[in-house]
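So you can see what is in the structure, the chains are spelled out below.
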Amino acid sequence: MVTRMDPELSSLETEMNRGFLQVLVLAVLERRMYGYAMIRHLEESGYAVEENTLYPLLRRLEKNGWITSEWDVGEDRPKKYYVITDKGRSIRGQALAIWAGQSEILTKMEEANRDV
Amino acid sequence: MYENLEKYLREISHYLAVKHGASEILAEIRSHIIEKAERESSPVTEKSLQNVIEAYGRPRDVAAKYMEGQEIISPTFKKHLFRYTTMLFAVHFILTMVAVYFRASIVAIPFFFIPKMGPFWAIPYLLMALAYDFGVVAFVLYFVTQRKKDARLPWPAISLGRRGESGLKRPKPAVLIMLAAFFGILLYALLRYHTIFFYSVDFHNPRSILNPAASVFFSILFLAALACDIIGYSIRFLFNSAWVPLVQHAIVLLILWVVWNSPIRPQYASAPGIDLRIVGGGFVLFFIVLTVFRFLRSLLRVTREMSLP
């Protein structure tokens, strides 16, 4: 039986994914990779990302200087490869620290709620 | 070369408004779609390509995702857009009235070009001027957004009520009584002295500003305008909508148009120390300015009443 996600929960998930996907891409791009390969890699890891979401995100991250890109025209068709920059690594580290802090707060709240 | 893919990319390109790298974006999408189609069915057919294209999304949506955060005008300037337009139009309106009164052109390029015209043509001209003023303000806000979208712009306070409300106050019986009493006095004066435009308040020997024919004609029109106000105000006790004053002021504007274009040319009396032509012309001009201002305010209230809360 297929269970359909609540539309409100789906909207919340989209909001949560917005930041998560940025950090995830910064983590994936420790290895030089092009867009379609990245989508497949993420899918194999259990995370489905829409292609028309990923490419604009890559462009924004590149504009911020967090990743860099270059075209490889040596293969059968040109592909744009991306890789993280030092600035991107620094941002990723800080983002993960924020995330850990948020997670810790949520854990504390959960524990406090057990007595309610 | 796949015709359906190229057509799809042309569609995206049509909506894609980025400063740099549009061709790179399209090349990347092309490469992605072909590779995905190859993985799903080899050799690639138009049909398999079409399936991948459809999964990629509508061209408009795809382009929009590249432009997130690149507003034409920042949403925080929405209220400024309307308020600044109102202020600019107020200046435009006053200058138009001056141009009509003096039958002259007013040129202040690139801000204004008000041609010589009569009051009738001033109405369509003002509607055009409103669209122009809106465009000018939008143009300025566009540049502010592109340069510094978090700029803090001056904010003059004008109370017009909340969205979804016209901001129209409830009518008061005392005001209606005063208006009706005023109308009664003027009607009495007209019936007794055949005029309501006096320059002498001597009840035994009142003198009209105008010659007798013009006195009666213009007095009747003025009373008709006042009656229109009273009827409109009375209707608001039952139906307090911004549409009522809008229609009311439109009718008064029509009466003023008749006054301005009337075949009866007023002849002014002569009074020592006063130029009655200036007094009469000034009165009509003031009345026109006041009525158009009230008409435009009603128009704004109607748009606010019609907008969603």
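Small disclaimer: the values here were computed from a predicted structure and weren't measured.

A. Focus on the overall build of chain B. Per the secondary structure count, chain B includes 10 helices and 2 strands. What you see in chain B, going N to C, is helices and strands ordered as α-α-α-α-α-β-β-α-α-α-α-α. Counting every position in chain B, which comprises 309 residues, the buried fraction comes to 38%. Expressed as a percentage of contacts within chain B between residues at least 6 apart in sequence, the contacts between residues at least 24 apart total 69%. Of the roughly 19000 Å² that chain B leaves accessible, carbon and sulfur atoms contribute 67%.

B. Focus on the sheet that holds strand β3 (residues 79-84) of chain A. All names here are of chain A. Taken in spatial order, the 3 strands of this open sheet run β1-β3-β2, and their pairing is antiparallel. Two strands in the sheet have a free side with no partner beyond their single neighbour: β1 (33-34) and β2 (67-72). Sheet analysis places β1 next to β3, joined by 2 bridges and oriented antiparallel. Residue pairing for β3: Y34 is matched across the bridge by Y81.

C. Main features of the interface of chain B and chain A. Listed per partner, the contact involves 21 residues of chain B and 19 residues of chain A. Between chain B and chain A lies a buried interface of about 1900 Å² when both sides are counted; carbon and sulfur atoms form 44% of it. A per-residue breakdown of the area chain B buries against chain A is headed by E28(B), H32(B) and K65(B), which together make up 31% of the total. The tally of links between chain B and chain A comes to 6 salt bridges.

D. Seen up close, the nonpolar core. The biggest cluster of nonpolar side chains holds 45 residues, and the ones touching the most others in it are V25(A), L29(A), M38(A), L58(A), I29(B) and I33(B). When residues in this core are grouped by element, the largest group, 6 residues, is from helix α2 (residues 22-40) of chain B. Aside from chain neighbours lying at most four places away, what touches M38(A) is V25(A), V28(A), L29(A), M33(A), L54(A), L58(A) and Y82(A).

E. View of the confidence of the model for chain B. Looking at chain B as a whole, the pLDDT averages 83, with 92% of positions reaching at least 70. Per-element averaging of pLDDT across chain B places strand β1 (residues 106-108) of chain B at the bottom with 78 and helix α1 (residues 3-15) of chain B at the top with 94.

F. Structural context of unusual backbone geometry. Residue and element names in this part refer to chain B. Here H194, not a glycine, exhibits a phi torsion of approximately 60°, which is positive. Tracing the chain through its elements places H194 in the loop between α7 (173-193) and α8 (212-238). On the basis of relative accessible area, H194 is assigned to the partly exposed category, the value being 49%.

G. Fine view of empty space enclosed by the protein. Throughout the structure, instances matching the rule amount to 2 cavities of 30 Å³ or more. Of the pockets and cavities examined, the largest cavity occupies roughly 60 Å³. Together, Y34(A), G35(A), Y36(A), Y55(A), W71(A), P78(A), K79(A), K80(A), E28(B), S31(B), H32(B) and E35(B) line the largest cavity. Looking at the lining of the largest cavity, the elements that each hand over two or more residues are α2 (35-44) and β3 of chain A together with α2 of chain B. Take the lining of the largest cavity: its biggest share by element is 4 residues, from α2(B). Residues of the lining of the largest cavity, tallied by class, amount to 5 nonpolar, 3 polar and 4 charged. Approximately 30 Å³ is the volume attributed to the second largest cavity. In this structure, the second largest cavity is lined by Y55(A), R59(A), K80(A), Y82(A), I25(B), E28(B) and Y66(B). Residue assignment for the lining of the second largest cavity shows that the elements contributing at least two residues are α3 (51-64) and β3 of chain A together with α2 of chain B.

H. Examining the packing of aromatic side chains more closely. In the structure shown here, the tally under the stated rule is 11 aromatic pairs over all chains. Relative to F143(B), the ring of F139(B) lies with its centre 5.0 Å away and its plane at 80°, an arrangement referred to as edge-to-face. Note that F139(B) and F143(B) are positioned in helix α6 (residues 119-147) at a spacing of 4 residues, about one turn of the helix. Using a relative accessible area of 41% as the deciding quantity, one classes F143(B) as partly exposed. Aromatic side chains F197(B) and F222(B) sit 6.1 Å apart centroid to centroid with 70° between the ring planes, which places their arrangement in the edge-to-face category. A residue pair is termed long-range when its members are at least 10 positions apart, and F197(B) in the loop between α7 and α8 and F222(B) in helix α8 qualify at 25 residues. On the accessibility criterion, F222(B) (15% relative accessible area) is buried. Taken together, the aromatic side chains of F20(A), Y47(A) and W99(A) make up a single cluster linked through ring pairs.

I. Representation of α1(B) in the model. Residues and elements named next belong to chain B. The terminal C-alpha atoms of α1 lie 19 Å apart, and with 13 residues this matches the ideal 18 Å at 1.5 Å per residue to within 8%. Those residues of α1 lying buried are N4, L5, E6, Y8, L9 and I12. Summarising the contacts, the buried residues of α1 are in contact with α2, α3 (46-56) and α4 (59-66).

J. Local environment of helix α5 (residues 78-102) of chain B. All names here are of chain B. For α5, spanning 25 residues, the distance from its first C-alpha to its last is 37 Å, which sits close to the expected 36 Å at 1.5 Å a residue. Every buried residue of α5 is accounted for by H80, L81, R83, Y84, T85, F89, H92, F93, T96, M97, A99 and V100. At the C-terminal side of α5, R103 shows a positive phi close to 50°.

K. Spotlight on the side chain of H32(B). Tracing the chain through its elements places H32(B) in helix α2. Since its relative accessible area comes to 1%, H32(B) is described here as buried. Apart from residues lying up to four places away in sequence, H32(B) is in contact with Y36(A), I39(A), E51(A), Y55(A) and Y56(B).

Definitions and cut-offs
Residues numbered from 1 in each chain as written. Chains lettered and ligands numbered in written order. Predicted model: local features only at pLDDT ≥ 70, side-chain atom pairs only at ≥ 80, totals over all residues. Heavy atoms only, no water. Helix = DSSP H or I, 4+ residues; strand = E, 2+ residues; numbered from the N terminus. Buried < 20%, exposed > 50% of the residue type's maximum accessible area, 1.4 Å probe, protein only. Contact = heavy atoms within 4.5 Å. Areas by Shrake-Rupley, 256 points an atom, 1.4 Å probe, with all protein chains shown as cover. Pairing = 2+ DSSP bridges. Buried area = accessible area lost by both parts, 1.4 Å probe. Salt bridge = Lys/Arg side-chain N within 4 Å of Asp/Glu carboxyl O. Core = buried A, V, L, I, M, F, W, Y, C linked by side-chain atoms within 4.5 Å. pLDDT = per-residue confidence, 0-100. 1 Å grid on protein atoms, 1.4 Å probe; cavity = no way out; pocket = protein on both sides within 12 Å on 5 of 7 lines; lining within 4 Å. Points joined across faces, edges and corners; volume = space filled by probe spheres on them. Nonpolar A, V, L, I, M, F, W, Y, C, P; charged D, E, K, R; others polar. Phe/Tyr/Trp six-rings, centres within 6.5 Å; stacked < 30°, edge-to-face > 60°. Expected span 1.5 Å × (residues − 1).

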